[in-house]
Amino acid sequence: MEKMIDLLTRISTLYNIPQWAVNVGAITIFIILVAFPFVAKKLLEPKYRKFKQMSMYNVLWRWKYKKEDIVGLWCYCPKCLSMLSCDDENCRATEELQEKITFFVCHECGGHEQGRVVGGDRRYAISLVKREVLREIRTGEYIATMKAFKDAALVEEKQEEVLEEVNPEEIPQSEEVLPVEPTTEVQDTIEKTTSEEHTVTTEEKKDGI
Ligand SMILES: [Zn+2]
């Protein structure tokens, strides 16, 4: 370190450059050298490496890449994004393919089924999704899938914003609120939400909760 400081001082004296400028230059070069391998790796990365999630069988699938391989592929709840459980117990009890069913269950959402695959157990389901991911990468379809995914997320975000705006709890009670006709979009959202809530209540009643 002392040798380094000595060298920087000598450069400063030799070329008549202020000491602080030499120090800043040295630090900048050091940062570039350290960061270069990471930046280069990111830039040279194939485009499909950004394709890390998609919807299939009504649930969300996420994975990572290790070299050319797809690793850590698992399903997540489309509503709360929690990891799902796979119930494939029935697959061992039957030889009939149509009776072999894997259910994707979210414990965070009341243990309800979020989706299912007919024809095999969880390994079968994962192999089907993996095959689809590889096919989309091969054909380039993954670009459209990624875009659709992004658009859907934006729509959801907007809907949440609209819901927050129309939530009466958000309005301070001391302020006088003038009656405003909700827009068609807002009305649709409210109706949709109300019907969804109703469905959940009915289901819960059926389950005896
Ligand atoms: Zn959930």
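Residues numbered from 1 in each chain as written. Predicted model: local features only at pLDDT ≥ 70, side-chain atom pairs only at ≥ 80, totals over all residues.

## A few points about the pairing of strand 1 (residues 53–56)
Relative to strand 2 (residues 59–66), strand 1 is paired through four bridges, and the arrangement is antiparallel. Note that in strand 2 the partner of S55 across the bridge is L60. Between strand 1 and strand 2, which pair antiparallel one after the other, the connecting turn spans two residues, and Y57 there sits at a positive phi close to 55 degrees. (Pairing = 2+ DSSP bridges. Helix = DSSP H or I, 4+ residues; strand = E, 2+ residues; numbered from the N terminus.)

## Things to note about the sheet that holds strand 2
Reading across from one edge, 1-2-3 is the order of the three strands in this open sheet, with antiparallel pairing throughout. What marks the edges here is a single partner per strand, and that holds for strand 1 and strand 3 (69–76). Each neighbouring strand pair of the sheet contributes to a mean axis angle of 30 degrees, computed without reference to strand direction. Where helix 4 (residues 122–139) meets the sheet, it contacts strand 1, strand 2 and strand 3, and its direction lies at approximately 120 degrees from that of strand 3. (Axes fitted to C-alpha atoms, helices over the stretch in contact; angles between N-to-C directions. Contact = placed C-beta atoms within 7 Å.)

## Re the environment of T9
Tracing the chain through its elements places T9 in helix 1 (residues 2–15). C-beta crowding within 10 Å serves as the criterion here: with 13 such atoms nearby, T9 is assigned to the partly exposed category. The spacing of T9 and V22 is 13 residues in sequence and 8.1 Å in space, taken between C-alpha atoms. (Buried ≥ 20, exposed ≤ 12 C-beta atoms within 10 Å, placed from the backbone.)

## Describing the environment of C77
With respect to the helices and strands, the residue C77 is situated in the loop between strand 3 and strand 4 (85–87). Distance in space between the C-alpha atoms of C77 and V59 is 5.9 Å, their sequence separation being 18 residues.

## Details of unusual backbone geometry
The phi torsion at K67 lies on the positive side, around 55 degrees, for a residue other than glycine. Among the secondary structure elements, K67 is positioned in the loop between strand 2 and strand 3.

## Quick word on the sheet that holds strand 5 (residues 101–106)
Reading across the sheet, the three strands line up as 4-5-6 and stay open at both edges, with antiparallel pairing between neighbours. Strands with a single pairing partner mark the edges of an open sheet, and in this sheet they are strand 4 and strand 6 (112–118). Across the sheet, the axes of successive neighbouring strands diverge by a mean angle of 30 degrees, strand direction being ignored. Pairing of strand 4 with strand 5, which is carried by three bridges, proceeds in the antiparallel orientation. The residue bridging C86 from the neighbouring strand is F104, located in strand 5. Helix 4 rests against strand 4, strand 5 and strand 6 of the sheet, and its axis sits at about 75 degrees to strand 6.

## Remarks on helix 4
For an α-helix, 3.6 residues make a turn, and residues three or four places apart therefore share a direction. The terminal C-alpha atoms of helix 4 lie 26 Å apart, and with 18 residues this matches the ideal 26 Å at 1.5 Å per residue to within 8%. Every buried residue belonging to helix 4 is among A125, I126, V129 and V133, and all of these are buried. Angularly, the buried residues of helix 4 cover 95 degrees about the axis, an arc narrow enough to put them on a single face. Opposite the buried face of helix 4, by more than 90 degrees, sit the exposed residues R123, S127, R131, R135, R138 and T139. Buried-residue contacts for helix 4 involve strand 1, strand 2, strand 3, strand 5 and strand 6. At the C-terminal side of helix 4, G140 shows a positive phi close to 85 degrees. (Expected span 1.5 Å × (residues − 1). Arc of directions from axis to C-beta.)

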